[in-house]
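# Observations on the model geometry
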Amino acid sequence: QGLQTSDRPEIRLAVFAVVLTTSHMVKSTLQIIWFFALLMDKKELQTTISTWLILPNALSAFSEPILLLFTSPKLRKEVFQWRR
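For the protein chain, an unreviewed UniProt entry supplies the name G protein-coupled receptor and the organism Pristionchus mayeri.

Here it is, written out as structure tokens:
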């Protein structure tokens with residue numbers, strides 16, 4: 001059968017939830033590893049984890065508005081209306 005128009009918002013919401021949940025899980029896992037490295041006084045591991053945290057931290061902080069822009073046709077229309 002194909003996708004019904006009523007299924008599209010649910011699919012968008014599912015993609016939104018999966019991306020956000022995954023980015024937060026990766027970020028929290030790295031923070032836990034960093035904490036244990038701190039407790040065990042492993043400076044090299046702390047430094048490595050700190051550099052790895054940049055991308056998941058950015059994703060968890062900025063993916064929400066970007067995903068909202070990609071998943072909401074009404075918002076895209078409003079945001080890009082100034083160009084017309």
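## Structural notes on the overall build of the protein chain
The number of helices and strands found in the protein chain is four helices and zero strands. Each helix (α) and strand (β) of the protein chain, taken in turn from the N terminus, gives the series α-α-α-α. Looking at the 84 residues of the protein chain, the share that counts as buried comes to 18%. Relative to all contacts within the protein chain whose residues are 6 or more apart in sequence, the contacts with residues 24 or more apart total 54%. Carbon and sulfur atoms provide 67% of the accessible area of the protein chain, an area that totals close to 6,900 Å².

## Observations concerning a nonpolar patch on the surface
On the surface, Ile 32, Phe 35, Phe 36, Leu 38, Leu 39 and Met 40 cluster together into a nonpolar patch covering about 610 Å² of accessible area. As for its placement among the helices and strands, Leu 39 is situated in helix α1 (residues 8–39).

Calculation rules
- Residues numbered from 1 in each chain as written.
- Predicted model: local features only at pLDDT ≥ 70, side-chain atom pairs only at ≥ 80, totals over all residues.
- Heavy atoms only, no water.
- Helix = DSSP H or I, 4+ residues; strand = E, 2+ residues; numbered from the N terminus.
- Buried < 20%, exposed > 50% of the residue type's maximum accessible area, 1.4 Å probe, protein only.
- Contact = heavy atoms within 4.5 Å.
- Areas by Shrake-Rupley, 256 points an atom, 1.4 Å probe, with all protein chains shown as cover.
- Patch = residues over 30% accessible without salt bridge, like charges linked within 9 Å, V, L, I, M, F, W, Y side chains within 5 Å.
- Salt bridge = Lys/Arg side-chain N within 4 Å of Asp/Glu carboxyl O.

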